Amino acid sequence: MEMPLSTKGIAVSLLLFVLSLAGAIEIPLSVRQLPSIKEQSTTEVAFPFDEEFTIKCKAKGNPPPIFNWTKDGKPFDLLSDPRILPSNSSGTFVIRNQGNISIFQGKYCCYAINELGTTMSEEIELIVPGIPKFPKEKINPKDVEHGDSVVLHCNPPKGIPPLHIYWMNIDLQHIPQDERVSMSLQGDLYFANVDENDSRSDYCCFAAFPRLRTIVQKMPMTLTVTRSKHANDSSSPSATAANLIKERKPRLLIPPESSGHSSDVTVIKGNDLFLECIAEGLPTPHLTWNRVNRGVIDNYGKVLMVEKVTPDDGGRYICIAKNALGETRHEFNVHIEEPPSWVDKPQSGVYSIGENLVLLCNAIGNPEPTIKWKRNGQPLGEIKHSRGMVTTREISIIQLQLQDSAVYQCEATNNHGTILATANVDVLDIRPEVLTPDDEEYVAVVGYASYLHCLFFAVPLPDITWSKEDSISRLDMPPYYQYQNGTLEIRETRKTDSGSYTCWVSNSVGRSAITATLTVRDATKVSVTPKNPQVLKSHSIEFKCHSEYDSHLRHHFKISWRKDGEELDMNRTEGRIIIEMDTLLIPSVELEDNGVYTCVGSTSLDSAVDDTRLTVLHIPDPPEDLYLSEKQIRSVRLSWTAGNSNNSPINESIVEFEENRWEPRRWQELIKLPGNVTTAVVPLAPYINYQFRVISINGVGRSQPSEPSERYETPPAAPDRNPENIRVEASEPHEMIMKWEPLRPMEQNGPGMEYKVSWRRQGIESDWNEETVKKHSLILKNTPTFIPYDIKVQAVNNLGSGPEPIVITGYSSEDIPEAAPSNVIVQVINSTLAKAIWSTIPKDRVRGHLRGYKVSWWKIRSRLDGKNHHPEKHSLMFNADRNDGMIPGLEPFSEYRLTVLAFNSKGAGPESLMYDFQTPEGVPEKPHFLKILNFDKESVTLSWGPPKKPNGIVTGYILQYQIINETDDIGPLHEVNITNPLSFTLRLSNLSASTKYKFYAKACTLQGCGKPITEEGITITEGSKAVGKISEAVKPTQKTQPLEALEPGTAYTVRLVTKHWVDNNSISADVIETRGRAYAGIYERISTQGWFIGLMGAIALLTLLLLTVCFVKRNKGGKYSVKEKEDLHPDPEGQSIKDEIFGEYSDSDEKPLKGSLRSLDTDIKTAESADSLVEYGEGDHRMFNEDGSFIGAYTGCKEKASVESIGSSTATFPLHA
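Residues numbered from 1 in each chain as written. Predicted model: local features only at pLDDT ≥ 70, side-chain atom pairs only at ≥ 80, totals over all residues. Heavy atoms only, no water.

The test is simple: UniProt positions are given in the numbering used here, feature names are shortened, and annotations may be inferred rather than shown by experiment.
An unreviewed UniProt entry annotates the protein chain as Neural cell adhesion molecule L1-like protein of Eublepharis macularius. Listed in UniProt under the heading Sequence similarities (unreviewed entry), the comment for the protein chain reads: "Belongs to the immunoglobulin superfamily. L1/neurofascin/NgCAM family." Taken from UniProt, the Subunit (unreviewed entry) comment for the protein chain reads in full: "May interact with L1CAM. May interact with ITGB1/ITGA1 heterodimer and ITGB1/ITGA2 heterodimer as well as with ANK3."

**Brief notes about the sheet that holds strand β15 (residues 181–183)**
Applied cut-off: Pairs of strands are assigned from DSSP output, requiring at least two bridges between the strands. Counting from the N terminus, the helices are the DSSP runs of H or I reaching at least four residues and the strands are the DSSP runs of E reaching at least two. As a rule, the C-alpha atoms of each element are fitted with a line to give its axis, helices using only the stretch in contact, and angles between N-to-C directions run from 0 to 180 degrees.
Pairing is antiparallel across the open sheet formed by three strands, whose spatial order is β13-β16-β15. Across the chains shown, the open sheet's two edge strands, defined by having one partner strand only, are β13 (150–152) and β15. Here the average twist between neighbouring strands, direction ignored, is 20°. Judged from the three bridges that link them, β13 and strand β16 (residues 189–191) form a sheet pairing that is antiparallel. Note on β16: the bridge partner recorded for Leu152 is Leu189.

**Regarding the packing of aromatic side chains**
Under the convention used in this document: Think of it this way: a Phe, Tyr or Trp ring, Trp meaning its six-membered ring, pairs with another when their centres are within 6.5 Å, and the plane angle makes it stacked under 30 degrees, edge-to-face over 60, tilted otherwise. Any residue under 20% of the maximum accessible area for its type is buried, any over 50% is exposed, and the rest in between are partly exposed; the area is computed with a 1.4 Å probe on protein chains only.
Applying the stated criterion to the full structure yields 24 aromatic pairs. Residues Tyr690 and Phe692 carry aromatic rings whose centres are separated by 5.5 Å and whose planes lie at 5° to one another, so their mutual orientation is stacked. One exposure class covers both Tyr690 and Phe692, and it is buried. Members of the aromatic cluster, joined through ring pairs, are Trp69, Phe76, Phe93 and Tyr108.

**Details of the sheet that holds strand β61 (residues 679–683)**
Taken in spatial order, the three strands make up an open sheet running β57-β58-β61, and their pairing is antiparallel. In this open sheet, the two edge strands, each paired with only one partner strand, are β57 (624–629) and β61. Averaged over all pairs of adjacent strands, the angle between their axes in this sheet comes to 25°, without regard to strand direction. Bridge analysis of strand β58 (residues 635–641) against β61 gives five bridges, and the strand direction is antiparallel. If you follow Ser639 over to β61, its bridge partner there is Thr679.

**A closer look at the environment of Ile383**
This is how the line gets drawn: Residue contacts follow a heavy-atom distance rule, with two residues in contact if any of their heavy atoms lie within 4.5 Å.
Mapping Ile383 onto the fold places it in strand β34 (residues 383–385). We classify Ile383 as partly exposed; its relative accessible area is 38%. Placed twelve residues apart in sequence, Ile383 and Ile395 show a C-alpha to C-alpha distance of 9.5 Å. Here Ile383 is in contact with Met389 and Val390, once residues within four sequence places are set aside.

**Topic: the pairing of strand β62 (residues 689–697)**
In terms of residue burial, β62 counts as a mostly covered element, since nine of its nine residues are buried. The sheet contact formed by strand β59 (residues 652–659) and β62 spans eight bridges and is antiparallel. Directly across from Glu659, in β62, lies its bridge partner Tyr690. Strand direction decides the pairing type here: β62 and strand β63 (residues 712–713), joined by two bridges, are antiparallel. Counterpart to Tyr690 in the pairing with β63 is Tyr712.

Have a look at this one:
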């Protein structure tokens, strides 16, 4: 039944779609199937030197096929000759070379047959070449006359191509060939015309067959060239006629003129085309071709070759042979033909019962090929039946049945060959067979795709279902994807995808299943640090590859490194690149280390990569190829080629020059240019022999200089400029020195540089005075003092003068001012600041450039004590335009003296009349000290000293106090105003017990009160006591003083103070602690011992004896009586002097008793005392007055100090001698 035409195309398309799916899986050998050829020979050559020759034919099928052969279309029995060795498992056979194998030459065809059908191989040609030989023949010599043409034929024997022909002599020397003598494509040697030199008896033709490893030689040929008897006699008129007869226009030998002026040439598409024209004539013809757009001319113009021709190469080609007498031509009509090639060829397929079949066969070629069908090796003509039809280019069958299984073959043939296409049509009806093994185990990686295979073979096509573990749900939704071949893909695998999977394959015939297990591992990750670094050349860089991978794969994990895609040796431990597993170190990078470095971390399952780009920075390469052009008098164009920037853009170029006249070998900067500029017009100066070089600068630094350019010398010229900085410098009186900055050598513009100096006095009509000098100064003598002059200096050289110079004003030499400022007065601003005012001196008395005024002042005396002071001058300078100035830093309540003078460059003029002024009172400094003398439970005694600098008459003191606690919160401030300036102590009552207080004391004058001095202390608690005791006065020479009635285990403060010293400031103080009662008991027990009593008695007796001796000596010297007399009747005046001296001393620091005398010495010297307590301490006699009495008396006191007092200040008690 024929299919309706309207649905035929749709059915064919659907059928082809099904065929493409079915053909995707090869039929397993376990399934019954048609035979199919899997391997066969094509063309075989049986070389005589081979021991055997193999003709292959392998096929598969179920049942296994048997093999038959045909040779040249006739059955061929492999057992017909004992030299044939057939294969037991295929149709292949081997022919042993035992001589005379030419009988096996022919075209073979292999047939593979089983009970389902027959398939046929393509034609296999076996070539058995003979050994090529030239025939033994007698070759007659050729005798020709001079100018005739001749052909020496080679006629090589037949053999397997390629064939190479050579013409040589008996000594194997090549016969020279040219436009006159050449060999044709067939191997014959053509002479367009001969001469006597062509005569020889050993023209030999050699034929080489490379595949046969054979070269054969033809018998030598003899060619004799003679001249006619008239030609031999050059004086004969007949000789000239003979030469004219031999000259002729060209005549074609190939193609021969007998074939006409045109010929047809057929060539197969893809082969090479050779067209040949060989002509004879005299003179020798020259050959040309009119169509050589794609061809190659060879053999001295006689051969046109076109490689691998296409249809476009077909058409007309013309060769032209021409000499002086004429020309001839031949036309080739080239036809391009081609062997058959497939457009559509039948495809093998697997079909189920009831499906439809369409096989197409269509081929092209030139000539058009004929197409024939075969079924199971038998020709199949055009037929029609109820389920299908066979036409030239199509076989169609509907409702396929099992018996329709067959091997269909299509053969296309034309003059140039035959092609064969085979299609196995297997009609099957079987249950599914799963080809993938059961219980496969798969290992996947998180994030990657996983593939679980379930390859099958089944006809009809089955339904495939995947499920996971015990679930019955189909895995056909994302992230799952099922391919038609049964493979299940998990697009992005997760850890939860681990488990067991089942694949079910079922069709109408049956059902099969397999299981598979999926294990999911963590993905490998790598990262390289640092990322894309930029490193200076010769610095180091270390790349680190950080990795993460599944612990189950640790034994399979490895790291490798690549540079620009090329693998690096992992065993590098030396050299410029050092690799140790995850670390890549380049100790000193070079420019060739630029590139992308890749770390590859791989396991047996996956791999990961990460890149980093290393950029090596370096100074630019020096510029190259400096070139000078556009050479002008004052400029030249400099061009260059920039060097490699070495990964850091060139941002600036510096052009330097060197000249060999003034400063040879010294390079100087000329101009700077942007980095992208490589040509510039550079300015030049005259009379310079230049050469240039260029330096490039990038972010790394400066390049090396380029090679110098050629030299370019500019011509000389007159100066362009005049000297600058013209000035008149200080000199001797009545003298004027004019100086200027000379022109630099490069500014002189030519030889013979001099300076023309012109001057004239201002205010007087006179001509310019001129003088030309070579140096850069000029001295004028006998000039008046400080008179203005007009001055100008002009540069001059051998080629002319510079531009008109600028006139400047200069003054002749100066002298010191001859007048002093007048009307000097002082306005007192406050106690420390005053303002000086004066009248400026007349300009004509300055005698120079007035530089300013100098104000000097000094202190005469203090208004407080009326003492005169040694003058200590202070000075300030003020600008020339000032007539007043502030005088800072004055001392209050003092008398000062002041002068003013003017000065110029020559020096200072006379001082003004002295002016005296006084400063008023100021506020005093803070009191010299503030001491806490005694703390009781509710009261305290304070002592203070007058300020060192009262800055006026002290009118009284203000005492303030307030409670403070540990958090620094303060209570209300209480104030006591003391109007008696001679009062230095005060007892404050009604204080709180065990409370911390802060005390303030400040001195006051009529101008106000100064800054306070502060002290802190804590009142004592209930029941405690702080009682001070004062010892009797001790002598200055005394080193120790016993302290009695002390409490055991108690801390005491011991002070050494001066007697009658109103400040009561201690010379030294220390804290001591008595031993406890346990130690006292020891002493008590010792004091009751007899030996101790006896020892004490002896000491007392010895002391009494010493005292007696001293008493006697005192009576003899008389000095001790004076001392006693003074103690009884002290001198009030002398005592007041002593009090004044000690009153200048101040030392608020607590010092150890041991160093007290040294401390006192310092202040005594400051007060300019005539006596030194340090010397007293050393026992010098100067510590006594003239009568031997001691200057002063010292005393000390004992006091129990609280813990708080020890840390801040120590209570000092008043002295009452």
